[in-house]
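Each chain, letter by letter, is given below.
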Number of protein chains: 2
Amino acid sequence: MAATSKTLGVLLFPQFELLDVCGPLEMFGYVPDLTIHLVAEAEGPVPSTQGPALLAECSLEQAPALDMLLIPGGLGTRSGIENEKLMEWIVRRSTTAEWVLSVCTGSALLARAGVLDGRRATSNKLAFEWVRAQSAQVDWVDEARWVWDGKYVTSSGVAAGIDMSLAVIERLVDAEWAQRLARQVEYEWQTDPDRDPFHRAAKDPATK
Amino acid sequence: MAATSKTLGVLLFPQFELLDVCGPLEMFGYVPDLTIHLVAEAEGPVPSTQGPALLAECSLEQAPALDMLLIPGGLGTRSGIENEKLMEWIVRRSTTAEWVLSVCTGSALLARAGVLDGRRATSNKLAFEWVRAQSAQVDWVDEARWVWDGKYVTSSGVAAGIDMSLAVIERLVDAEWAQRLARQVEYEWQTDPDRDPFHRAAKDPATK
């Protein structure tokens, strides 16, 4: 067990995608000595795109030191990219975090904030053009389950965040532990970051 | 689009398993004309086993008429089976619901409440003996991703709830729509209820 005591901060905003947050947290919730903090503009309930609300325990200003950052996607990213306060927080906290993760269109927030400049990154296949438009300084990878570049790990759409999280947990603890965790929650972990069945599906008009 | 206006009630209790609730709700949250109600003993935040809290909008008594019921699993089922108020609510609401779904050890709550008597049902492979012990009147199926018997649909562990939910959505709307939804959230839907790779893994000491 290689894990040492760490903190993971998850950014919530109105209309975040429920599984972008709860898929990863199902997995990170089992990692020993990892403390999860749900952070939002204001403390209190934050409604997801799907309706159910998660409770943010602290505001952006109140958030403690965060070793890891998780930025979800969802419809709320459309207004999120225009939110200066959110953008500044992402820049500031990405600078100090050891690892910065995004799920789905969460990479649009990172790209717009400028923290992915010069890096490889991916996003949801069905929203890719909008995400790409947030920054021309990012080397966008349109066929990947997730992309790891330095301390930044960006995943493809929604469910891909679960596969990415297990890969991060593999580095945080070890491979056997991550495999056992996936088995415990009866999840068939796609361990290959380059295997992306949804890249092709998105290009095929018959599947739209 | 075959769906008509329906309500889905999700039972929350302290230490529910986060993905048991949020996996299915990611999918049900997209179904047109379906209203989701999070129900708990008391209105307000309910903490999951993983830490993050979901907000229950109504108490057991306040819950409106529910066409569908979703009962999650998690560590909280251990005290849940001893909670008379919860058991009575499950019996009363299962009687009037058109469909009753459970994820993981949620079937232990249904079994203990007696509503699965004479029916086929499944649960998490790693907690199966404890679940089985809640009722000898249930025909327990230990190799299945999910089991559909009449109006009761019980799924295997945690992530299996997502596959089951898509199967329910297939009946609620149609197969093409459910497939498109899975693709949209980049989830590789296991459509075969009898395919259960975790049954064998649970019996293999090398994987424990």
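Everything that follows concerns the structure shown earlier in this document.
My aim in this report is to walk through the structure given alongside it, one point at a time. (Residues numbered from 1 in each chain as written. Chains lettered and ligands numbered in written order. Predicted model: local features only at pLDDT ≥ 70, side-chain atom pairs only at ≥ 80, totals over all residues.)

Secondary structure summary: chain A contains 8 helices and 11 strands in total. For 208 residues, the compact-globule estimate of 2.2 N^0.38 gives 17 Å, and the C-alpha radius of gyration of chain A, at 16 Å, lies within 12% of that figure. Each principal axis of the C-alpha distribution contributes one length, and for chain A these read about 45 × 40 × 35 Å. Evaluated residue by residue, chain A yields a buried proportion of 55% over its 208 residues. A sequence separation of at least 24 residues applies to 67% of the contacts in chain A between residues at least 6 apart. (Helix = DSSP H or I, 4+ residues; strand = E, 2+ residues; numbered from the N terminus. Rg over C-alpha atoms; globule rule 2.2 N^0.38 Å. Buried ≥ 20, exposed ≤ 12 C-beta atoms within 10 Å, placed from the backbone. Contact = placed C-beta atoms within 7 Å.)

Residues and elements named next belong to chain A. End to end, helix α6 (residues 160–172) covers 18 Å across 13 residues, agreeing with the expected 18 Å (1.5 Å per residue, within 8%). Extensive coverage of α6 is indicated by the burial of 11 of its 13 residues. Residues Ala160, Gly161, Ile162, Asp163, Met164, Ser165, Leu166, Ala167, Val168, Ile169 and Leu172 constitute the buried set of α6. (Expected span 1.5 Å × (residues − 1).)

Bringing the pairing of strand β1 (residues 6–11) of chain A into the picture now. Residues in a regular strand point their side chains to alternate faces of the sheet. Residues and elements named next belong to chain A. Of the strand pairs in this sheet, β1 and strand β2 (residues 34–40) are connected by 6 bridges, and their pairing is parallel. What sits directly across from Gly9, in β2, is His37. Pairing of β1 with strand β6 (residues 68–71), which is carried by 3 bridges, proceeds in the parallel orientation. Considered in β6, the bridge of Leu8 is made with Met68. (Pairing = 2+ DSSP bridges.)

Okay, the sheet that holds strand β10 (residues 146–149) of chain A next. Residues and elements named next belong to chain A. Spatially, 7 strands are ordered β5-β2-β1-β6-β7-β11-β10 in an open sheet, and the strand pairing comes out mixed. Pairing within the sheet leaves two strands with one partner each, and these edge strands are β5 (58–59) and β10. Where β2 and β5 come together, 2 bridges link them in parallel fashion. Bridge pairing in β5 places Val39 opposite Cys58. Those strands touched by α6 are β7 (99–102), β10 and β11 (152–155), and its axis lies near 150° from that of β11. (Axes fitted to C-alpha atoms, helices over the stretch in contact; angles between N-to-C directions.)

Our next topic: unusual backbone geometry. Residue and element names in this part refer to chain A. For Asp33, which is not glycine, the phi dihedral falls at a positive 60°. By secondary structure assignment, the location of Asp33 is in the loop between α1 (18–28) and β2. Judged by local crowding, Asp33 falls into the exposed class, with 12 C-beta atoms found within 10 Å. Phi at Cys104 is positive, roughly 55°, even though this residue is not glycine. Turning to its location among the elements, Cys104 is positioned in the loop between β7 and α4 (106–113). Cys104 sits in the buried class, given 32 other C-beta atoms within 10 Å.

We now examine helix α3 (residues 84–96) of chain B. Residue and element names in this part refer to chain B. Given a rise of 1.5 Å per residue, 13 residues ought to cover 18 Å, and the 19 Å separating the end C-alpha atoms of α3 matches this to within 8%. Considered for burial, the residues of α3 that qualify are Leu86, Trp89, Ile90, Arg93 and Ser94. Looking down the long axis of α3, one finds its buried residues gathered within 120° of arc, a one-sided arrangement. The outward face of α3, more than 90 degrees from its buried face, is lined by the exposed residues Glu84, Lys85, Glu88, Thr95 and Thr96. Next to the buried residues of α3 lie β1 (6–11), β6 (68–71), α2 (77–80), β7 (99–102) and α4 (106–113). (Arc of directions from axis to C-beta.)

This part is about the environment of Thr96 of chain A. Residue and element names in this part refer to chain A. Tracing the backbone through its elements, the reader meets Thr96 in helix α3 (residues 84–96). Residue classification places Thr96 among the exposed positions, given that 10 C-beta atoms sit within 10 Å. Sequence separation between Thr96 and Val185 is 89 residues, and the spatial gap between their C-alpha atoms is 32 Å.

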